[in-house]
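Structure assessment
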Amino acid sequence: MRSTSLAIFAILTMIFVLQGCVSTSTIREELGDLKNLNVPASWRNSSVVLLEYTTDLQFIVDSEGNRVKEVETKWYRVNNLNDTDAQYISVPEQTFFETPVKIAAEAYYPDGSSWTLVQSKIRQHEMKFSDNVIHQFFVPKYQQDTLIKVEVQREYTRPEFVGRYNLGDVFPVVKRTITLSYPDNVTLVNGVENIEDAECETSIIVEDGFRTHSITAKNVVNFQEKDRTQYPEEYYALFHVSFPPKGKESYTWKELGNHYLNLSNEPFTTTKEIDQLASTIPDNTPTGEKITQAFSTVINKIRYHFNSRGGYAFYPREASEVLKNGFGDCKELTTILKSMFDGTNIASYPVLISTWGNEQLVLNYPSLTGFNHMVLAVETGDGDLRILDGTHSWANSRSSYYASVGRKAFILEPDNSRIDVIGRAEDYENRVVTSSTIEKGEDGRWVIRGEIHLLGYPALRFYESLQSSSRKDEIHMAGKMLKSGFDIFAEDIGVKKATADEAVIVYLAGFDENNVSLGKGGFKLNTPGLFQLDVEYQVTDKLGKVYLPEFQQEDTWIIPFVPSKTELPQINTSLAISVWEVTGNSVQRKYFQNESKMSISSDTVLNWDSYLGELKNSVVWR
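Residues numbered from 1 in each chain as written. Predicted model: local features only at pLDDT ≥ 70, side-chain atom pairs only at ≥ 80, totals over all residues. Heavy atoms only, no water.

1. A few points about the packing of aromatic side chains
Counting across every chain of the model gives 15 aromatic pairs. Considering the side-chain rings of Phe 97 and Tyr 156, the 5.8 Å spacing of their centres and the 50 degrees angle between planes classify their relative orientation as tilted. Taken as a pair, Phe 97 in the loop between strand 3 (88-94) and strand 4 (102-108) and Tyr 156 in strand 8 (residues 147-156) lie far apart in primary sequence, 59 residues in all. Residue classification places Phe 97 among the buried positions, given a relative accessible area of 0%. For Tyr 156, a relative accessible area of 2% translates into the label buried. Grouped by ring-pair contacts, the aromatic residues Phe 96, Phe 97, Tyr 156 and Phe 161 constitute a single cluster. Its guanidinium or amino end placed over the ring of Tyr 53, Arg 176 lies 3.5 Å from that ring's centre, counting from NZ or CZ. (Phe/Tyr/Trp six-rings, centres within 6.5 Å; stacked < 30°, edge-to-face > 60°. Helix = DSSP H or I, 4+ residues; strand = E, 2+ residues; numbered from the N terminus. Buried < 20%, exposed > 50% of the residue type's maximum accessible area, 1.4 Å probe, protein only. Lys NZ or Arg CZ within 6 Å of the ring centre and 35° of its normal.)

2. A short note on the pairing of strand 22 (residues 430-440)
Sheet analysis places strand 22 next to strand 23 (residues 446-456), joined by 11 bridges and oriented antiparallel. Residue pairing for strand 23: Thr 434 is matched across the bridge by Ile 452. Linkage of strand 22 to strand 23, two consecutive antiparallel strands, is achieved through a turn of five residues, within which Gly 444 is found at a positive phi near 90 degrees. (Pairing = 2+ DSSP bridges.)

3. Looking at the layout of surface pockets
The computed volume of the second largest pocket comes to approximately 510 Å³. Lining the second largest pocket are 21 residues; nearest its centre among them are Asp 384, Leu 385, Arg 386, Arg 424 and Ala 425. For the lining of the second largest pocket, the elements supplying multiple residues, two or more each, are strand 19 (385-388), strand 20 (408-411) and strand 21 (418-421). By residue number, the principal contributor to the lining of the second largest pocket is strand 19, which donates three residues. Looking at the lining of the second largest pocket, its residues break down into nine nonpolar, four polar and eight charged. (1 Å grid on protein atoms, 1.4 Å probe; cavity = no way out; pocket = protein on both sides within 12 Å on 5 of 7 lines; lining within 4 Å. Points joined across faces, edges and corners; volume = space filled by probe spheres on them. Nonpolar A, V, L, I, M, F, W, Y, C, P; charged D, E, K, R; others polar.)

4. Structural notes on the pattern of salt bridges
For the structure shown, the criterion picks out 14 salt bridges. Taking the shortest distance from any N to any O, the salt bridge between Lys 74 and Asp 169 comes out at 2.8 Å. In this pair, Lys 74 sits in strand 2 (residues 67-78) while Asp 169 sits in the loop between strand 9 (164-166) and strand 10 (173-183), placing the two residues 95 residues apart along the sequence. Neither residue differs from the other here; Lys 74 and Asp 169 are each classed as buried. Of the charged contacts, one joins Glu 359 and Arg 164 as a salt bridge, the two residues approaching to 3.5 Å between their closest N and O atoms. One end of the pair, Glu 359, is in the loop between strand 17 (348-353) and strand 18 (373-379); the other, Arg 164, is in strand 9, and 195 residues separate them in sequence. Arg 164 shares its class with Glu 359; the two are buried. Each of the salt bridges in this network shares a partner with another, and the network as a whole consists of Asp 62, Arg 67 and Glu 155. (Salt bridge = Lys/Arg side-chain N within 4 Å of Asp/Glu carboxyl O.)

5. Some words on the packing of helix 8 (residues 457-468) against helix 9 (residues 474-486)
The contact between helix 8 and helix 9 brings their axes to 10 Å, and the two run at 135 degrees. By the angle between their axes, helix 8 is oblique relative to helix 9. As for how helix 8 packs across helix 9, the hand of that crossing is right-handed. Across the interface between the two elements, Phe 462, Ser 465 and Leu 466 from helix 8 touch Glu 474, Met 477, Ala 478 and Met 481 from helix 9. (Axes fitted to C-alpha atoms, helices over the stretch in contact; angles between N-to-C directions. Parallel < 35°, antiparallel > 145°, perpendicular 65-115°, else oblique. Left-handed = near helix turned anticlockwise from the far one by under 90°. Contact = heavy atoms within 4.5 Å.)

6. What about the sheet that holds strand 1 (residues 48-60)?
Judged by pairing direction, the sheet is mixed, and its eight strands sit side by side in the order 5-4-8-2-1-10-13-12 without closing on themselves. What marks the edges here is a single partner per strand, and that holds for strand 5 (114-116) and strand 12 (199-207). The sheet shows a mean angle of 10 degrees between the axes of neighbouring strands, direction not considered. For strand 4 and strand 8, the ladder comprises seven bridges, and the chain directions are antiparallel. By the bridge assignment for strand 8, Glu 106 is matched with Lys 149.

7. Topic: the side chain of Asn 430
Along the chain, the position of Asn 430 falls in strand 22. At 3.1 Å, the side chain of Asn 430 and the side chain of Tyr 428 are in polar contact. (Polar contact = N/O pair within 3.5 Å; in protein donor to acceptor, adjacent residues only side chain to side chain.)

8. With respect to the pairing of strand 25 (residues 502-510)
Remember that side chains alternate between the two faces of the sheet whenever the strand is regular. Note: strand 23 against strand 25, nine bridges, orientation antiparallel. Within strand 25, the position partnered with Gly 450 by the bridge is Tyr 507. Where strand 24 (residues 492-498) and strand 25 come together, six bridges link them in antiparallel fashion. Pairing of Gly 494 across the sheet is with Val 506, part of strand 25. What sits between strand 24 and strand 25 in their antiparallel hairpin is a turn of three residues.

9. A short note on the environment of Pro 282
With respect to the helices, strands and loops of the structure, Pro 282 is situated in the loop between helix 4 (272-278) and helix 5 (287-301). In this structure Pro 282 comes out as partly exposed when scored by relative accessible area, which is 40%. Between the C-alpha atoms of Pro 282 and Thr 344, which are 62 residues apart in sequence, the distance is 9.0 Å. In this structure, Pro 282 is in contact with Lys 290 and Gln 293, ignoring residues within four places of it in sequence.

10. Some remarks on helix 7 (residues 330-343)
Between the first and last C-alpha of helix 7 there are 20 Å, a value that for 14 residues agrees with the 20 Å anticipated at 1.5 Å per step. Counted residue by residue, helix 7 has 12 buried out of 14 residues, so it is predominantly covered. Among all positions in helix 7, only Cys 330, Lys 331, Glu 332, Leu 333, Thr 334, Thr 335, Ile 336, Leu 337, Lys 338, Ser 339, Met 340 and Phe 341 are buried. Of the residues trailing helix 7, Asn 345 is marked for its positive phi of about 60 degrees. (Expected span 1.5 Å × (residues − 1).)

Function cannot be inferred from these measures alone, as they are strictly geometric.
What follows is the structure, given as structure tokens:
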């Protein structure tokens, strides 16, 4: 998964710090209130609990550019010393779109003593090749039942890059509060999503010319308590705000697209150097072949390398500079590809997405927050758009987009920017074909001799893993793939073919009846398991149909035994069809998926095994 530092601002809502000076009496009252909070008994094993977590937002309209002031306050309680999670506090700062952060912190110990953070004790670390700064400090005398107050004050000068606030945290939260204040003559699109299972209250107060939204939630579970979904924006409770960079109204997606293109208009300008590069493709070349040649030219000339200093985490450098450097990140590879297509009169559009496992856009709240990747949509001439991802340097123009299938996309076209979902082209392929024969080896042992045939996306994943490995060892990589993908522990492996489109792997593995016997004469076939390409969690997508990383798997198992009298010639389940063919003293079972296909998840794999219980124990040893 390729990402750029667009992802950094996504974590700015996740890690915080703090505090300003307050009176002793106020602190005593606050400490008393915190100690009276009821913490669920199930959270006792958590090393840290957030007793109170608040975010106060103030939107400021400014003719020079709107701003957002933000104050985040967290009260930690140290539950136990199993981990020292709150002893070392880190606060990120993105210098491109915010002014220097203000940090304060205090700790209150069980013996009545306290500690206040001294500013000179904050260490600052600049991240390589980026505008990100990490501020870190250490909480001394860390012990059980310590209360730690941390606060950070921020001022965002480019508010269009923020606007998403999790109600939860990496630690469980007893009380979570978010407030948003702005002038009453301003219209901001905002709302809370996914609060169905949360104890949440919302209110709006209009007073003294300002409108204030307040959201309070109680007992919000931490992110780790449930499996990380591929669609976190559809699962975790979030407060969204569409902050406009200028003016008094939230932008539409169309307006936001024009704004982003204006920010990055210069990089997409065709230059002499790019025209020369584009001229290497003859004018009479068919459009499809032009796309193929342009993609191949760029990925062979420009290597993927991330350097976002100077605000380039959010918009790209000029294409001519990328060409001169010989490297670029996802935005800059997209830039040079687009410039080449402009030089060959092929329309193309930058596309912002977020990679798998990261929060995607939410249709009702236009914002540039959350995007961490850019690809290019190219018009093929037949009314379709082909997606190109230059960061997948081992792919080709037909397959480079495979990893982005199913992701929501913000297509950036002047006066026509829009939201879509990256689907599969007609030539999309994602197939696994296996065959295995159970036989007696020369030493008298039962063995499995098999072949794995990967086509399309599975082949690309294997090939990319091989090419990016320092060992470049086909046999070693094939062994890892057989273990992790199919639960096959091979004794001997051969790689007959390995390309970005196709891979063929042969293997020999032991078949030990003692380990897999089901008793009473039956056995469980130790054949390739369901190929675990990607994980899909059952989360409804509010935008519409989800293009999941489904694949087709076809298996053929040949067993040199006479079938049991109870064997059915064909067995149908909700997942598959299994057909037996008897030839002489051997049995061949062909298994394939039904038309509904199979989406992949850890739960599905378990269910799959239970369904195959019927299919796998129906042969008797002879």
